[in-house]
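# Reading the structure
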Amino acid sequence: MGFMKVDDVYVDRDLALLRKHLSFLDHELAKVNTSIKRSADPESDGWCEAGEYFIGHGFVAIQRYLTVTHTTLKIAKSAALAVPPAAMENLTFAAAINAGANYWKHVEGWIEDLNNPKKGDLTKNAQKTIDDLEKITDWADYTCSNLLAYLGDSTELTLSKLLPIIIEWRNNLISQAI
């Protein structure tokens, strides 16, 4: 990871790679959205789950960018996730993305734990993730899609529309590190 400031512009290699990755995922999402519009029953046809898949992977890619950025600046994760912009009162954009990525990576294990009478309870981190998500959406039905609609443009589910917010977060984080 590396970025530098030239005049008033940051040159950020990881952001450039994230931009390309999100563009690729948006291309696939466009195909899914077209199929959803053409389908008589997009949920049964699997198109809604396909969209969820690409969006979930986008959140994981963004989470990686957030992590690389705050570790490069030597800012603790908890402090970095508290940096504005806000997604809503008591939840920042970075914390919402982090919750969405963690949800996508771990939800199947959480369901397994909840359905196992010997385990039953979620870990503290898992419960925090669910609590953060439930500030925005129910975590049982197309959680990633609903989160993206809330954080971005609900009329067009594209991950690239989050880039200006990611850049704002990065700039706020850099300002704190200086």
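Sequence order as written defines residue numbering, which begins from 1 separately in each chain. Predicted model: local features are reported for residues with pLDDT of at least 70 only, side-chain atom pairs are reported and counted for 80 or more only, and whole-chain, interface and lining totals are derived from all residues. As a rule here, side-chain values cover all heavy atoms of the structure and leave hydrogens and water aside.

What follows covers the layout of surface pockets. Approximately 320 Å³ is the volume found for the largest pocket. By the criteria applied, helices consist of DSSP H or I runs no shorter than four residues and strands consist of E runs no shorter than two, each listed in order from the N terminus. At the level of elements, helix H3 (77–81), strand S4 (91–92), helix H4 (93–115) and helix H5 (124–134) are the ones that each hand at least two residues to the lining of the largest pocket. Ranked by the residues each element gives to the lining of the largest pocket, the list is headed by H5, at 5 residues. For this scheme, ten residues count as nonpolar: Ala, Val, Leu, Ile, Met, Phe, Trp, Tyr, Cys and Pro. Four count as charged, namely Asp, Glu, Lys and Arg, and the remainder, Gly too, count as polar. Of the residues in the lining of the largest pocket, the class split is 5 nonpolar, 7 polar and 5 charged. The space that makes up the second largest pocket amounts to roughly 200 Å³. In this analysis the probe radius is 1.4 Å and the grid spacing 1 Å, with only protein atoms considered; a cavity is a set of points the probe fits into but cannot get out of, a pocket is an open set with protein on both sides within 12 Å along at least five of seven lines, and lining residues have an atom within 4 Å of a point. Lining the second largest pocket are 12 residues, with Glu-49, Glu-52, Tyr-103, Ala-140 and Tyr-142 sitting closest to its centre. Of all elements in the fold, only helix H2 (47–72) and H4 reach the threshold of two or more residues within the lining of the second largest pocket. Among the elements that line the lining of the second largest pocket, the one with the most residues is H4, at 5 residues. Each residue belonging to the lining of the second largest pocket can be placed in one class, and the counts come to 7 nonpolar, no polar and 5 charged. Grid points are joined across faces, edges and corners, and a volume is the space filled by probe spheres set on the points.

For the rest of this paragraph, the subject is the confidence of the model for the protein chain. Looking at the protein chain, pLDDT values average 91 and 94% of them are 70 or higher. As a per-residue quantity, pLDDT reports the predictor's confidence and falls between 0 and 100. Mean pLDDT in the protein chain bottoms out at strand S1 (residues 3–6), which sits at 67, and peaks at S4, which reaches 98.

This brings us to the pattern of salt bridges. Take a side-chain nitrogen of Lys or Arg and a carboxyl oxygen of Asp or Glu: if they are within 4 Å of each other, that pair is a salt bridge. According to the stated counting rule, one finds 6 salt bridges in the structure shown. Lys-161 is the salt-bridge partner of Glu-156, the closest N and O atoms lying 3.3 Å from each other. Salt bridges sharing partners connect three or more residues here, namely Lys-128, Asp-132 and Lys-135.

Time to look at the packing of aromatic side chains. Here a Phe, Tyr or Trp ring, Trp counted by its six-membered ring, pairs with any other such ring whose centre lies within 6.5 Å, and the pair is stacked when the planes are under 30 degrees apart, edge-to-face when over 60, and tilted otherwise. Counted under the stated rule, the structure contains 2 aromatic pairs. Relative to Phe-54, the ring of Tyr-53 lies with its centre 5.8 Å away and its plane at 85 degrees, an arrangement referred to as edge-to-face. Residue burial is assigned from relative accessible area. The probe radius is 1.4 Å, only protein chains are included, and a residue is buried under 20% of its type maximum, exposed over 50%, and partly exposed in between. The class for Phe-54 is buried, based on a relative accessible area of 18%. On the basis of an interplanar angle of 80 degrees and a centroid distance of 5.8 Å, the ring pair of Tyr-53 and Trp-104 is categorised as edge-to-face. Of this pair, Tyr-53 sits in helix H2 while Trp-104 sits in helix H4; the two residues are 51 residues apart in sequence, bridging distant segments of the chain. Since its relative accessible area comes to 43%, Tyr-53 is described here as partly exposed. An aromatic cluster of at least three residues, connected via ring pairs, comprises Tyr-53, Phe-54 and Trp-104.

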